[in-house]
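# Coordinate analysis (summary)
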Amino acid sequence: MKRIITMVFTVAALFALSAAAQSAAPSFKLMDVDGQPHTLDQYAGKIVVLEWTNYDCPFVKKFYKTGTMQALQKKYTGKDVVWLSVCSSAPGKQGHFSSEEWKRRMKEDGVKASAVLLDEDGKAGRAYGASNTPHIFVINPEGKIIYQGAIDDKRSADPATVAGARNYLVEALDALLTGKPVPVSETKAYGCSVKY
Amino acid sequence: MKRSVYTLFLLSAILLTAAGRSEEARSAVHVYTASERVRPGQRVPVAVQITVADGWHTYAEEPGDSGMPPSITIRGPDGLEVGKWRFPAPQTFTDSVGTSYGYEHQVVLLSELLIPETVPDGTQIQLTADINWMICRDICVFQTGSQTVLLWADTGASMAPSSEWKQLLEESRWNARSMKKK
């Protein structure tokens, strides 16, 4: 009996995890820092990257202060990929800014995302099961999540670990853009907890 | 009026200094070896102690749903070998998105250094430890530290652990733990 309970619990725990790869991407409607609405539906037919972010999280800083994230954003938005950074920090929590502060920070770091979307109530974050910053979801043109998890395999906030890392996001996007199967569809995200 | 402005300025300067200090005191690292005089070709126990201010915690080897394990690099003479780091049993921390594993107040990580046989007797051995670690509360802060340790190569060294080393193990309860394991 005890074993069955444990099993049920384990199965339940598995379902409580992030929106699984190959599942339909939950729809959302979120405002960007300029107050413009964005929905997943409006990007149907395109590859969409959702990047959960918190500019004050050291693991996020690893990618922005080295220019790594901006370079990826520039490269892939140039290939018609829609890159949406999403911030689910609740008001008063780390990473929650006014729209002026967002614009200032984005300019300062030269952010090249298509848009930064604000998810103050955490609804979108919870729908996807975004647990960390950074946490990546890649959605194919058919609206399915084809990759979710970490950006790379170096589970550290040390900027020195960016070089030489295996980049799962790059692998997923390059595979998708060239019509090949995605080599790794799911990893465990690492970083700060999302400040819901 | 002028005086009160000046007082205010002075007061805010003092407050800023105080804030600066508490910032620095959030976490620190220290590196210890069991003895200062070491025999070339022998292994010497080495410890990294991470202290963390109240309310903060650092992470275990398997940090769980958030955080990162400390990373330790020790540089020294050619042929220096550093063993695997041993982490004590961690505490569990739970937040809105999951569970992580780590330590409050302080943690002592243990390993062993193999002093190369080629180090000439009577010379000084300089070791530099670079440590990166993460401390978190409601927010996380990435920490980096570096410490230089000087040892002496001595073919006649007893290699007996120093009293400071024994105290470190006792205070960090490594002794109690290893006793239990046996």
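Residues numbered from 1 in each chain as written. Chains lettered and ligands numbered in written order. Predicted model: local features only at pLDDT ≥ 70, side-chain atom pairs only at ≥ 80, totals over all residues. Heavy atoms only, no water.

### Things to note about the overall build of chain A
For chain A, the helix and strand inventory stands at 6 helices and 9 strands. For 196 residues, the compact-globule formula gives about 16 Å, and the C-alpha radius of gyration of chain A, at 16 Å, lands near that figure. Projected onto its principal axes, the C-alpha positions of chain A cover 60 × 40 × 40 Å. Here chain A holds 196 residues, and the buried ones make up 52% of them. Long-range contacts, defined as pairs at least 24 residues apart, comprise 75% of the intrachain contacts of chain A with a sequence gap of at least 6. Roughly 9,100 Å² of accessible area belongs to chain A as shown, and the carbon and sulfur atoms make up 58% of that amount. (Helix = DSSP H or I, 4+ residues; strand = E, 2+ residues; numbered from the N terminus. Rg over C-alpha atoms; globule rule 2.2 N^0.38 Å. Buried < 20%, exposed > 50% of the residue type's maximum accessible area, 1.4 Å probe, protein only. Contact = heavy atoms within 4.5 Å. Areas by Shrake-Rupley, 256 points an atom, 1.4 Å probe, with all protein chains shown as cover.)

### Considering the pairing of strand S11 (residues 140–153) of chain B
All names here are of chain B. When strand S2 (residues 37–38) meets S11, the two strands line up parallel, connected through 2 bridges. Counted as the bridge partner of Arg37 is Trp152 from S11. Looking at chain direction, strand S10 (residues 124–136) and S11 are connected through 13 bridges and run antiparallel. Each residue of the ladder has a partner; that of Ile125, found in S11, is Leu151. Count of turn residues in the S10/S11 antiparallel hairpin: 3 residues. (Pairing = 2+ DSSP bridges.)

### A closer look at the state of the cysteines
Following the criterion strictly, the structure yields 2 disulfides over all chains and no others. Between the sulfur atoms of A:Cys57 and its disulfide partner A:Cys192 the distance amounts to 2.1 Å. Sign of the S-S torsion, about 95 degrees for the bond between A:Cys57 and A:Cys192, identifies this disulfide as right-handed. With A:Cys57 in the loop between strand S3 (48–52) and helix H2 (58–65) and A:Cys192 in strand S9 (residues 192–193), this pair connects stretches of sequence that are 135 residues apart. Considered together, A:Cys57 and A:Cys192 belong to a single accessibility category, that of buried residues. Between the sulfur atoms of B:Cys136 and its disulfide partner B:Cys140 the distance amounts to 2.1 Å. Taking the torsion about the sulfur-sulfur bond, which here is approximately 110 degrees, the covalent link between B:Cys136 and B:Cys140 counts as right-handed. Summary of cysteine pairing: A:Cys87 is not part of a disulfide, and the nearest cysteine sulfur, belonging to A:Cys57, is at 11 Å. Note on A:Cys87: relative accessible area 3%, which makes it buried. (Disulfide = S-S within 2.5 Å.)

### Quick look at the interface of chain A and chain B
Contact residues are listed per partner, giving 18 residues for chain A and 16 residues for chain B. Connecting chain A to chain B are 1 salt bridge. A:Lys188 is the partner of B:Asp65 in a salt bridge, and the nearest nitrogen-oxygen pair spans 3.2 Å. Between chain A and chain B we count 7 residue pairs in polar contact (both at pLDDT 80 or more) in total. When contributions to the side of chain A that touches chain B are tallied by element, the ones reaching two or more residues are H2 and S9 of chain A. (Salt bridge = Lys/Arg side-chain N within 4 Å of Asp/Glu carboxyl O. Polar contact = N/O pair within 3.5 Å; in protein donor to acceptor, adjacent residues only side chain to side chain.)

### A closer look at helix H4 (residues 99–109) of chain A
Residues and elements named next belong to chain A. Residues of H4 that are buried include every one of Trp102, Arg105, Met106 and Asp109, and no others. Seen along its axis, H4 keeps its buried residues to an arc of 100 degrees; they face one direction. Every exposed residue of H4 that faces more than 90 degrees away from the buried side is listed here: Glu100 and Lys107. Considering only its buried residues, H4 is in contact with H2, helix H3 (68–77), strand S4 (82–87) and strand S5 (115–118). (Arc of directions from axis to C-beta.)

### Here's the deal with the side chain of A:Ser89
Residue and element names in this part refer to chain A. Position of Ser89 among the secondary structure elements: in the loop between S4 and H4. A polar side-chain atom of Ser89 sits 2.6 Å from the main-chain carbonyl oxygen of Gln94. In this structure, Ser89 is in contact with Asn54, Gln94, Gly95, His96, Glu120 and Lys195, ignoring residues within four places of it in sequence.

### What to know about the sheet that holds strand S1 (residues 29–32) of chain A
All names here are of chain A. Ordered by their spatial adjacency, 7 strands build an open sheet running S2-S1-S5-S4-S3-S7-S8, and the pairing between neighbours is mixed. For this open sheet the edge positions go to strand S2 (37–39) and strand S8 (145–149), each flanked by a neighbour on one side alone. Put simply, the sheet's adjacent strands are angled 30 degrees from each other on average, direction ignored. (Axes fitted to C-alpha atoms, helices over the stretch in contact; angles between N-to-C directions.)

All we've got here are geometric facts, nothing functional implied.
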